[in-house]
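Here is what each chain is made of, one letter per residue.
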Amino acid sequence: MATAAKGVVLLDFWVSPFGQRCRIALAEKGVEYEYKEENLWDKSPLLLKANPVHKKIPVLIHEGNPICESLLIVQYIDEVWSNNPLLPSDPYERAQARFWADFVDKKVSECWTRLWKVKGEAQEEARKDMIEDLKLLEGELGDKQYFGGETFGFVDVAFVPLSAWFYTFETCGNFSVEKECPKLVAWAKRCMERESVSKSLHDPHKVYEYVCQLKKKLGVD
């Protein structure tokens, strides 16, 4: 059951995996909020005022105060609404969770962008890097139900939105995520059984259609 929270607004874009992290975290906490869809080609005055440095979504506005950058937003949500904690209580485990979430941002997200933007040898290199990064994440997951063990947590929130992009990875990179990393695919399916995840992510084929449109718009098709 969602609980009312005074003055909670999320500036977001429907297909953004970074915004979806915030949606999942808010849903896990049962926090009601106002969703504002942004036009990334014509950004609203509210977005530009709330995030004047990067001018990017997502931005969480809580009681008039803007919080930017998705992982920081998720941590803020976890601290403000303490029910159903996403980060572990143990300091070492908490540091490890932050490390792997940061890995998703610095490595997987970077490969994902290269994979659909480049061609030829550069794309082959991006494909190899993506498979290597996914295998590292699968190694960290191991035989656990979730990255933190039995409980859905911070790393799951950080990474699971990209599972909706697996089809795009495969189509652009000409490889099978399930063949390379079957445990990751099984984990993604478990996560999709959670309402917070299934209601936040979009059909992988719609994601791919968006990428194709974006490539044409950017002239990289």
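Scroll up to find the structure.
Predicted model, so just to flag it, every value in this text is computed and none were measured. (Residues numbered from 1 in each chain as written. Predicted model: local features only at pLDDT ≥ 70, side-chain atom pairs only at ≥ 80, totals over all residues. Heavy atoms only, no water.)

### Regarding unusual backbone geometry
In the segment running from Ile-57 into Pro-58, the intervening peptide bond is cis, with an omega of 0°. Within the element layout of this structure, Pro-58 appears in the loop between helix 2 (45–50) and strand 3 (59–62). With a phi angle near 75°, Glu-69 is a residue other than glycine that sits in the positive phi range. With respect to the secondary-structure elements, Glu-69 resides in the loop between strand 4 (65–68) and helix 3 (70–80). One non-glycine residue, Asn-174, lies in the positive phi region at around 55°. Taking relative accessible area as the criterion, Asn-174 reaches 68% and is therefore assigned exposed. (Helix = DSSP H or I, 4+ residues; strand = E, 2+ residues; numbered from the N terminus. Buried < 20%, exposed > 50% of the residue type's maximum accessible area, 1.4 Å probe, protein only.)

### Focus: the packing of aromatic side chains
All told, the structure shown has 14 aromatic pairs when counted by the stated rule. Each ring, one from Phe-13 and one from Trp-14, has its centre 6.2 Å from the other, and the planes form 55°; the classification is tilted. By relative accessible area, Phe-13 is classed as buried at 12%. Residue class for Trp-14 comes out partly exposed when judged on its relative accessible area of 25%. (Phe/Tyr/Trp six-rings, centres within 6.5 Å; stacked < 30°, edge-to-face > 60°.)

### Examining the pairing of strand 2 (residues 34–37)
Regular strands have side chains that alternate between both faces of the sheet. Where strand 1 (residues 8–12) lies against strand 2, four bridges are found, and the strand directions are parallel. By the bridge assignment, Val-9 is partnered in strand 2 with Glu-34. Crossover connection from strand 1 via helix 1 (residues 17–29) to parallel strand 2: handedness right-handed. (Pairing = 2+ DSSP bridges. Right-handed = clockwise from strand over helix to strand, strands pointing away.)

### A short note on the sheet that holds strand 2
Taken in spatial order, the four strands of this open sheet run 2-1-3-4, and their pairing is mixed. Sheet topology places strand 2 and strand 4 at the edges, where each strand pairs with a single neighbour. When the angles between neighbouring strand axes are averaged without regard to direction, this sheet yields 20°. Docked against the sheet, helix 1 engages strand 1, strand 2 and strand 3, running at close to 155° with respect to strand 1. (Axes fitted to C-alpha atoms, helices over the stretch in contact; angles between N-to-C directions. Contact = heavy atoms within 4.5 Å.)

### Description of the pattern of salt bridges
Scanning all chains against the criterion turns up 12 salt bridges. For Glu-195, the salt bridge goes to Lys-199, with nearest N and O atoms at 2.8 Å. Residue Glu-195 is classed as exposed on the basis of its relative accessible area of 51%. Here Lys-199 falls in the exposed class, since its relative accessible area comes to 65%. The structure contains a network of salt bridges with shared partners spanning Glu-110, Arg-114 and Asp-129. (Salt bridge = Lys/Arg side-chain N within 4 Å of Asp/Glu carboxyl O.)

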